[in-house]
Amino acid sequence: DAEITQSPRHKITETGRQVTLACHQTWNHNNMFWYRQDLGHGLRLIHYSYGVHDTNKGEVSDGYSVSRSNTEDLPLTLESAASSQTSVYFCASSESRGRTGELFFGEGSRLTVL
Amino acid sequence: AQSVTQLGSHVSVSEGALVLLRCNYSSSVPPYLFWYVQYPNQGLQLLLKYTTGATLVKGINGFEAEFKKSETSFHLTKPSAHMSDAAEYFCAVSDGFGNEKLTFGTGTRLTIIP
């Protein structure tokens, strides 16, 4: 079955370290998204991509970067982790642009920055 | 810009009672509206969506929602709550122009009382 997987599921890191969260989907979806989930804020969009080599900033992109070198993967990098980036991160994917519909979510990556 | 307001961060209902989760949206263009459910330690999954056409939409697990343009609302209902309905529910909106980005509400945690 097609799926979307995130790794690691749990990570503890220190302030200032670089962290990369991986996201891999096997649906061959063009669209991929990264959200963070925080109590009282719901899900907020960090970055998104509509295809290979396409990346766009979302609502809360400061301190984060992404790159899209193939269809399947959209890794999220925190260049210098801050305590404010302690959160649960969700990757999602959807079919081609123009067919608004369902997002398929991974199970999340819980990041703690000490 | 679009936004979603979910009234009530926590809702408790007795098993067998009506479930009503409220969602109001703001959008300058005809919206696409979604309800997602999140079970503990899992990603989000689609319950139902409204794009165009019939304003009463039915989803999985007996849930339904009605799009009311005049009230800018998209409330989620289920006639009879089941213990398995305990989860967090998110309302979301997109602009319906092929822009796949969703803006999520802050979520409502539903507790079912035995």
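Residues numbered from 1 in each chain as written. Chains lettered and ligands numbered in written order. Predicted model: local features only at pLDDT ≥ 70, side-chain atom pairs only at ≥ 80, totals over all residues. Heavy atoms only, no water.

**Student:** Honestly, the side chain of Gln25(A) in this entry has me stumped. Any pointers?
**Tutor:** Residues and elements named next belong to chain A. If you trace the backbone, glutamine 25 turns up in strand β3 (residues 19-25). A distance of 2.8 Å separates a polar side-chain atom of glutamine 25 from the backbone oxygen of histidine 29. Residue contacts for glutamine 25: discarding those within four places in its chain leaves Glu3, Ile4, Met32, Arg68, Thr71, Glu72 and Ser93. (Helix = DSSP H or I, 4+ residues; strand = E, 2+ residues; numbered from the N terminus. Polar contact = N/O pair within 3.5 Å; in protein donor to acceptor, adjacent residues only side chain to side chain. Contact = heavy atoms within 4.5 Å.)

**Student:** How should I be thinking about the state of the cysteines in this particular structure?
**Tutor:** Here, disulfide denotes a covalent bond that connects the sulfur atoms of two cysteines. Considering all chains together, one arrives at two disulfides over all chains under this definition. Sulfur-sulfur distance for the disulfide between Cys23(A) and Cys91(A) comes to 1.9 Å. Disulfide Cys23(A)-Cys91(A): the torsion about the S-S bond is -75°, which places it as left-handed. Linking Cys23(A) in strand β3 with Cys91(A) in strand β9 (residues 87-94), this pair joins segments that are 68 residues apart in sequence. Residue pairing for Cys23(B): its cysteine sulfur links by disulfide to Cys91(B), the two sulfurs lying 2.0 Å apart. On the S-S bond that ties Cys23(B) to Cys91(B), the torsion sits near -65°, and the link is left-handed. Taken together, the residues span a long stretch of sequence, with Cys23(B) in strand β3 (residues 19-26) and Cys91(B) in strand β9 (residues 87-94) at a distance of 68 residues. The same class applies to Cys23(B) as to Cys91(B), namely buried. (Disulfide = S-S within 2.5 Å. Buried < 20%, exposed > 50% of the residue type's maximum accessible area, 1.4 Å probe, protein only.)

**Student:** What exactly am I supposed to notice about the interface of chain A and chain B here?
**Tutor:** Interface extent is often summarised as the accessible area lost during association of the parts. At the junction of the two partners, chain A supplies 25 residues and chain B supplies 21 residues. For the pair chain A and chain B, the two sides together bury roughly 1,800 Å², of which 55% comes from carbon and sulfur. The interface formed by chain A and chain B includes four residue pairs in polar contact (both at pLDDT 80 or more). Elements supplying a minimum of two residues to the side of chain A that touches chain B: β4 (31-38), β5 (42-51) and β9 of chain A. The dominant element in the side of chain A that touches chain B, judged by the number of residues it contributes, is β5(A), at five residues. A class-by-class count of the residues in the side of chain A that touches chain B yields nine nonpolar, 11 polar and five charged. (Buried area = accessible area lost by both parts, 1.4 Å probe. Nonpolar A, V, L, I, M, F, W, Y, C, P; charged D, E, K, R; others polar.)

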